[in-house]
Amino acid sequence: MRNPNGFGNITKLSGKRRNPWRVRKTLRWEIDPVTGKQKQVFQNIGYYPTRAAAMEALSNFNANPYDVGKDITFADIYDKWSREKFSSISDSNIKGYKASYAVCHPLYNMKFGEIRKSHLQGVVDNCGKNYPTLRKLKVLFNQLYTYAMQNDVCSKDYSEFVDIAKYKDKNTIEKHTPFTDSEINKLWDSTSRNEYVSVILMLMYSGVRISELLNLKKTDVHLNERYFDVVESKTESGIRKVPIAEKTLPFFERWMDESQCDYLICSIESGSHLAYKNYYNHYWQPLMLELGMNHLPHDTRHTTISMLARAEVNQTIIKRIVGHAGAMNLTEKVYTHFDVNQLIEAIDKI
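Note that the structure is a prediction, hence the values are computed from the model and not measured.

### Considerations on the overall build of the protein
On a plain count of helices and strands, the protein comes out with 14 helices and 6 strands. Burial analysis of the protein (350 residues in total) assigns 43% to the buried set. About 19,700 Å² of surface is accessible on the protein, with carbon and sulfur atoms providing 48% of the total.

### Some thoughts on helix 3 (residues 91-102)
Between its terminal C-alpha atoms helix 3 stretches 16 Å, which fits the 16 Å expected from 12 residues at 1.5 Å a residue. Regarding helix 3, the residues found buried are I94, Y97, S100 and Y101. Down the axis of helix 3, the buried set is contained in an arc of 125 degrees. They therefore lie on one face. In helix 3, those exposed residues whose orientation departs by more than 90 degrees from the buried face are D91, S92 and K95. On its buried side, helix 3 packs onto helix 2 (74-85) and helix 5 (131-150).

### A short note on the packing of aromatic side chains
This model, assessed by the stated rule, comprises 20 aromatic pairs. Plain terms: the ring middles of Y78 and W81 are 5.8 Å apart, the flat faces sit at 45 degrees to each other, and that makes the pair tilted. In this pair, Y78 and W81 both sit in helix 2, 3 residues apart, roughly one turn of the helix. On the basis of an interplanar angle of 5 degrees and a centroid distance of 3.6 Å, the ring pair of Y78 and Y101 is categorised as stacked. Of the two residues, Y78 sits in helix 2 while Y101 sits in helix 3, which places them 23 residues apart along the sequence. For Y101, a relative accessible area of 14% puts it in the buried group. Grouped by ring-pair contacts, the aromatic residues F74, Y78, W81, F86, Y97, Y101, Y108, F112, Y145 and Y158 constitute a single cluster.

### Here we look at the packing of helix 6 (residues 181-189) against helix 7 (residues 197-204)
Two elements in contact, helix 6 and helix 7, have axes separated by 9 Å at closest approach and are oriented at 135 degrees. The orientation of helix 6 with respect to helix 7, classified from their angle, is oblique. Of the two possible hands of crossing, helix 6 and helix 7 adopt the one that is left-handed. For the pair helix 6 and helix 7, the contacting residues are I184, L187 and W188 in the first and V197, I200, L201 and M204 in the second. Among the residues forming the contact of helix 6 with helix 7, the class breakdown is 7 nonpolar, no polar and no charged.

### Focus on the sheet that holds strand 4 (residues 221-222)
Read from one edge of the open sheet, 3 strands run 4-5-6, paired in antiparallel fashion. A single partner strand is all that each edge strand has here, and the edge strands are strand 4 and strand 6 (240-243). Relative to strand 6, strand 5 (residues 227-230) runs antiparallel, the two sharing 4 bridges. Paired with F228 across the two strands is V242, which belongs to strand 6.

### Some words on helix 12 (residues 315-322)
Counting buried residues in helix 12 gives 6 out of 8 residues, a clear majority hidden from the surface. Taken residue by residue, helix 12 has T316, I317, I318, K319, I321 and V322 as its buried positions. The positive-phi residue at the C-terminal boundary of helix 12 is G323, with phi of around 75 degrees.

### Regarding the side chain of S100
Examined against the element boundaries, S100 turns out to sit in helix 3. Discounting residues that sit within four places of it in the chain, S100 has contacts with K136, L137 and L140.

### Points about the confidence of the model for the protein
Taken residue by residue, the protein gives an average pLDDT of 85. The fraction at 70 or more is 87%. By mean pLDDT, the top-scoring element of the protein is helix 7 (97), and the lowest-scoring one is helix 13 (residues 330-335) (42).

### Remarks on the pattern of salt bridges
In this structure the tally under the stated criterion is 10 salt bridges. Residue E195 is joined to R254 by a salt bridge in which the shortest nitrogen-to-oxygen separation is 3.5 Å. Taken as a pair, E195 in the loop between helix 6 and helix 7 and R254 in helix 9 (residues 249-258) lie far apart in primary sequence, 59 residues in all. By sharing partners, the salt bridges in this structure join R209, E212 and R240 into a single network.

### Quick look at unusual backbone geometry
In this structure, R226 is a non-glycine residue whose phi angle is positive, near 60 degrees. Positionally, R226 belongs in the loop between strand 4 and strand 5. Backbone geometry at E312 places phi at a positive 60 degrees, although glycine is not the residue there. For E312, a relative accessible area of 71% gives the class exposed.

### Topic: the state of the cysteines
Counting across every chain of the model gives 0 disulfides. Here C261 stays unpaired: no disulfide links it, and the sulfur of C266, its closest cysteine neighbor, is 4.5 Å away. Look at C261 and you get buried, because its relative accessible area is 15%.

The rules behind these values
Residues numbered from 1 in each chain as written. Predicted model: local features only at pLDDT ≥ 70, side-chain atom pairs only at ≥ 80, totals over all residues. Heavy atoms only, no water. Helix = DSSP H or I, 4+ residues; strand = E, 2+ residues; numbered from the N terminus. Buried < 20%, exposed > 50% of the residue type's maximum accessible area, 1.4 Å probe, protein only. Areas by Shrake-Rupley, 256 points an atom, 1.4 Å probe, with all protein chains shown as cover. Expected span 1.5 Å × (residues − 1). Arc of directions from axis to C-beta. Contact = heavy atoms within 4.5 Å. Phe/Tyr/Trp six-rings, centres within 6.5 Å; stacked < 30°, edge-to-face > 60°. Axes fitted to C-alpha atoms, helices over the stretch in contact; angles between N-to-C directions. Parallel < 35°, antiparallel > 145°, perpendicular 65-115°, else oblique. Left-handed = near helix turned anticlockwise from the far one by under 90°. Nonpolar A, V, L, I, M, F, W, Y, C, P; charged D, E, K, R; others polar. Pairing = 2+ DSSP bridges. pLDDT = per-residue confidence, 0-100. Salt bridge = Lys/Arg side-chain N within 4 Å of Asp/Glu carboxyl O. Disulfide = S-S within 2.5 Å.

Listed below in structure tokens is the structure:
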């Protein structure tokens, strides 16, 4: 079927080509100065492997056209590429691409055709990300250049020259800083103002990972015996009995009474289980801002270890409490056992 006037045309180019199907539209008509006749000036939209793919691209273009002759920026290309790409990939992949794009802010307003290897390398060198993250960033660069070249926005892929190999053995390790004594005192003074301050102190006086506390079910909490069972953890050594400090026992009792779901910690507003992202965005970050602190949830774990060490608690007991059995030597792993009462005695020292 013939396309309607102004819709554009698709032609198959001769020879062996990876993308033989060309899509283009007429920009305007001009007078050829040599022949004196009118001639068409075309805008190439792209080159595609099959006629079906070419037709889809032409249809998409007509639905949302752009002029390759104008100042198309890095952000423009990402926007158009992501509209097509994100409809066919998983949510986790989408999040990965969005995270990579977030560090590209120095490029957002640059004309894509003027971006060079030095600009891309500058993003890599200055973003402070580790090697696995840089690999994802380079994949994003490659995807955007492939899209831009298919649509004649540029003629050269500078992403292939970006060097991330030099960071292979220099993975950035996130630095965790324990809470100071004054910050801990401020948290205790704030418990009556916000229910979720208690969660920070429960983390700090138990040494559990945030995921371990958020996934803790009420059936695994033993208030009379003052311990709880961690049955879900990122490591095998994380499956353990954790003592409840006398200082934080009232918090555990309150959450046991007020929680409206199967989990100890829940959303007070909805009564639903709190996922990490929800907790971090809606409770942790606002509290840090309100209290004038700058910490990540994992900093509570480092605070626990620091406080236990200052209280001169046996290092093996510390490892048992926080689930660091992987850091134990063979003797500690095989021959050393502690009952819950010994762990409770240790945690009450801080």
